[in-house]
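What follows is the residue order along each chain.
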Amino acid sequence: MLGSAKWRALGFVLLVLLACASTAHAFADDEDPNAPLTFGILPIGGPAESLEAWRPMLDDLQTSLGRPVRSVSVTTYEGIAQAISEQRVDIAFLSGRLALDAVTRQNMRTIAQLTRTDGSKGYYAVLLAADGSRIRTLDQMLTHPGRWTFARGESLSVSGYLVPETQLFAARGLDSDTFFAHVHVDNHQNNALAVANGEVDVATNNTADLERFRQHFPEQYARLRVIWKSSLIPHAVIVVRDDLPPSLRDRIATFITSYGKGGNRAREQANLKLIHDISGFAPANDDELVPFANIEYSLEKRRASSAQWVSEAARQARLRKIEADHDRLVAQLHGK
């Protein structure tokens, strides 16, 4: 049994520890209110165009929070992923695959999901060919491996790579990187231009970016034809750093999900229209990213099934690991 003096000493230590914990929490909630927040933007079109489109809304966010809000837009998916991994971004507008990495690996959480003016729940990946091309149908393309040139998005691009690779190529036991005579990697706008101008035979894209492409390049758009269309892909999301003070996270989420719906509706809706003709943002959480985890799972599983292995036991071991990793990832998204 401890003596009364020892009990008093232990009690004093516990009080000190509790006081330190309380102080640490207070410092977390009372971080420098003048420190700028950085908003990372997955570029639609070019980085400069994206920054200009988002600036009016971010100016309003800055006014609402009473602290500076900087913005950064990069030319590649890897660029925005690196900025997040280096903790140079506090809030970010991301496609589902990038958001999945940000949430599961970079201590961020989903707070909102884009909504479109047409009320759509998502968009579609497409495969494009030129209107005057020798490729009139998907079957014509598939029956001539090693003949065509191909332009696709980066490996982290949902519509530019992951969905077409999963639903179109891997589903048929094919790999786009070996199916085509030459593969070129670029953004959606440049890939569409490459098809329209006859520089490549086919390219990936998506229905949302094609709408914007039609506005900016009507002549080139008229020379495009869709030869394949995916299933529905959920819209992009906004994520925030999980280690921001909870009160600040809540204020950011409230501003974003309320924008375009309050007293300044007309002006704010005009600002939102600049951002890819969107209507606003709906409240969301990490559950919204499960479809993108499923896309990754399907692609990995199909690759493992079609790959060459030293034994069937090795193949089955790989498939079991893919299954277990996917189950853990989905559980993390549901439970965070």
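On a predicted model such as this, the values are computed, not experimentally measured, just so you know.

Cut-off values and rules
Residues numbered from 1 in each chain as written. Predicted model: local features only at pLDDT ≥ 70, side-chain atom pairs only at ≥ 80, totals over all residues. Heavy atoms only, no water. Axes fitted to C-alpha atoms, helices over the stretch in contact; angles between N-to-C directions. Helix = DSSP H or I, 4+ residues; strand = E, 2+ residues; numbered from the N terminus. Parallel < 35°, antiparallel > 145°, perpendicular 65-115°, else oblique. Contact = heavy atoms within 4.5 Å. Nonpolar A, V, L, I, M, F, W, Y, C, P; charged D, E, K, R; others polar. Buried < 20%, exposed > 50% of the residue type's maximum accessible area, 1.4 Å probe, protein only. Arc of directions from axis to C-beta. Pairing = 2+ DSSP bridges. Left-handed = near helix turned anticlockwise from the far one by under 90°.

(A) Spotlight on the packing of helix α13 (residues 290-306) against helix α14 (residues 312-335). Remark: α13 packs on α14, axes separated minimally by 10 Å, with the N-to-C direction vectors making an angle of 175°. One element, α13, and the other, α14, form an angle in the roughly antiparallel class. Residues Val290, Ala293, Asn294, Tyr297, Glu300, Lys301, Ala304, Ser305 and Ser306 of α13 form the contact with α14, whose own contacting residues are Arg315, Arg318, Leu319, Ile322, Glu323, His326, Leu329, Val330, Leu333 and His334. A per-class count over the contact of α13 with α14 returns 9 nonpolar, 5 polar and 5 charged.

(B) How the structure looks around helix α12 (residues 265-274). Listing the buried residues of α12 in full gives Glu268, Asn271 and Leu272. Around the axis of α12, the buried residues are gathered within 100° of arc, so they sit on the same side. Of the residues in α12, the exposed ones pointing more than 90 degrees away from the buried face are Ala266 and Lys273. Looking at the buried positions of α12, the neighbouring elements they touch are α2 (47-65), α11 (246-258) and β11 (278-283). Following α12 by one or two positions, His276 has its phi on the positive side, about 60°.

(C) Focus on the pairing of strand β10 (residues 237-241). In terms of residue burial, β10 counts as a mostly covered element, since 5 of its 5 residues are buried. Pairing analysis gives 5 bridges linking strand β4 (residues 108-116) to β10, with the strands arranged antiparallel. Across the sheet, residue Arg109 finds its bridge partner in β10, namely Val240.

(D) Structural detail: the sheet that holds strand β3 (residues 91-94). Strand order in the open sheet formed by 6 strands is β2-β1-β3-β10-β4-β11, with mixed pairing between adjacent strands. A strand with exactly one partner marks an edge of an open sheet, and here the two such strands are β2 (69-73) and β11. For this sheet, the mean inter-axis angle between neighbouring strands, taken without regard to orientation, is 25°. Pairing geometry for β4 and β11, over 5 bridges, is antiparallel. Bridging from a neighbouring strand, Gln113 pairs with Ala282 of β11. Contacts from helix α3 (residues 77-85) reach β1 (37-41), β3 and β4 within the one sheet, and its direction differs from that of β3 by about 155°.

(E) Spatial organisation of the packing of α2 against α12. The geometry of α2 relative to α12 is characterised by a closest axis approach of 7 Å and an angle of 140° between their N-to-C directions. Classified by the angle between their axes, α2 and α12 sit oblique to one another. As for the relative orientation of α2 and α12, their crossing is left-handed in sense. Facing Ala53, Pro56, Met57 and Asp60 of α2, the residues of α12 in contact are Arg267, Glu268, Asn271, Leu272 and Leu274. For the contact of α2 with α12, the class distribution of residues is 5 nonpolar, 1 polar and 3 charged.

(F) Seen up close, the environment of Thr257. Looking at the element boundaries, Thr257 is found in helix α11. When the C-alpha atoms of Thr257 and Ile111 are compared, they prove to be 8.5 Å apart, with 146 residues separating the residues in sequence. Apart from the residues within four sequence positions on either side, Thr257 is in contact with Ile111, Ala112, Phe281, Ala282 and Pro283.

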